[in-house]
Amino acid sequence: MPNLTLLSQKAFLKVSENIVRDEAKAIELKHAHRKMFGYVQHCNITSGAVNIVLCSEASIRLYHELCQRDIVYLDATGRLFLQPKGCNRALYYALVVRHPRKNSPPIPVAECMSTTHSVYSIRLFLLKFKECHGKIFEKKRLPSPKVIMDYSLALIIASVKEFNGESISDFNERAFGIVSGAADDADLKKTIIHVCAAHVLKLNKNHATELEELKEEKSSQIHIAMRFFGRFLNCETLSEMTEF
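The rules we used
Residues numbered from 1 in each chain as written. Predicted model: local features only at pLDDT ≥ 70, side-chain atom pairs only at ≥ 80, totals over all residues. Heavy atoms only, no water. Helix = DSSP H or I, 4+ residues; strand = E, 2+ residues; numbered from the N terminus. Contact = heavy atoms within 4.5 Å. Areas by Shrake-Rupley, 256 points an atom, 1.4 Å probe, with all protein chains shown as cover. Axes fitted to C-alpha atoms, helices over the stretch in contact; angles between N-to-C directions. Left-handed = near helix turned anticlockwise from the far one by under 90°. Nonpolar A, V, L, I, M, F, W, Y, C, P; charged D, E, K, R; others polar. Pairing = 2+ DSSP bridges. Buried < 20%, exposed > 50% of the residue type's maximum accessible area, 1.4 Å probe, protein only. Expected span 1.5 Å × (residues − 1).

Draft legend 1. Focus on the overall build of the protein chain. Tallying secondary structure elements over the protein chain gives 9 helices and 7 strands in all. Sequence-distant contacts, at least 24 apart, represent 58% of the contacts inside the protein chain between residues at least 6 apart. For the protein chain, the accessible area works out to roughly 15,200 Å², and carbon and sulfur atoms hold 55% of it.

Given below as structure tokens:
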């Protein structure tokens, strides 16, 4: 078993014990309206990897309500955990919705801790979330939200596959149909991935700076490129791009 210092093993076990006790009490009190118990919905710890999926009935109901009228964020960070020697870097993933109340912090509706940043591990996270949603909303499919994320290809591929059942090629073809005005209602109802504008602008600036260092681009050109790309991000159709 890997060194679980990164997950604070004692703290994790303590939280798990409290959740089990609270859920057992809820069952004892005959909370018949509940369809799902607990917060840890999947826990797989092996000698090579750690994958833990976290969500509750309340968070799934909140997601089901809010994602149909607002955007959803999906992101990952590796800055929350220590990285013990001999163990893969642990990442924290979160599916987040905006708080309905202005100036309130966003709300994570599903979380995952994993030592593998791959399409498979992210799909597993989203698949478990879908399964939990199915337990609560038995006759309703998981709503297809508008998702904002960074430009991680693993996140994008996993998301379009689990939310839409699409390959990345299918998604690109549908996206082209949308911006060219050839999409139908079914295309528009599926999940659309939006890459965070700040991430895209930073990537564009870094690339332009690299060109400047190679003497292929001047500082003034970088400024113009950033202004152009900023306006480009606000275009929604191909005609807007060509007119711009």
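Draft legend 2. The arrangement of the packing of helix H3 (residues 119-136) against helix H4 (residues 153-164) in detail. Two numbers describe how H3 lies on H4: the axes approach to 9 Å, and their chain directions differ by 35°. When the axes of H3 and H4 are compared, the crossing they make is right-handed. Seen from H3, the contacting residues are Val119, Ile122, Arg123, Leu126, Leu127 and Lys130; seen from H4, they are Ala154, Leu155, Ile157, Ala158, Ser159, Lys161, Glu162 and Phe163. The residue makeup of the contact of H3 with H4, split by class, is 9 nonpolar, 1 polar and 4 charged.

Draft legend 3. Molecular detail of the sheet that holds strand E2 (residues 50-54). With respect to topology, 7 strands assemble into an open sheet ordered E1-E2-E5-E4-E3-E6-E7, the strand pairing being mixed. Strands with a single pairing partner mark the edges of an open sheet, and in this sheet they are strand E1 (40-45) and strand E7 (192-195). Sheet twist, expressed as the average angle between the axes of neighbouring strands with direction ignored, equals 15°. In the sheet, strand E3 (residues 72-77) pairs with strand E6 (residues 146-149) via 2 bridges, with the strands oriented parallel. Residue pairing in the sheet places Tyr73 in a bridge with Ile148 of E6.

Draft legend 4. Region of interest: the side chain of Asn51. The residue Asn51 is located in strand E2 in this model. Among the residues examined, Asn51 registers a relative accessible area of 8% and is labelled buried.

Draft legend 5. A look at H4. Spanning 12 residues, H4 covers 16 Å between terminal C-alpha atoms, matching the ideal 16 Å at 1.5 Å per step. The buried count for H4 comes to 9 of 12 residues, which makes it a mostly enclosed element. Looking at H4, one finds that the buried residues are Ala154, Leu155, Ile156, Ala158, Ser159, Val160, Glu162, Phe163 and Asn164. In the segment just after H4, Gly165 is the residue with positive phi, at about 75°.

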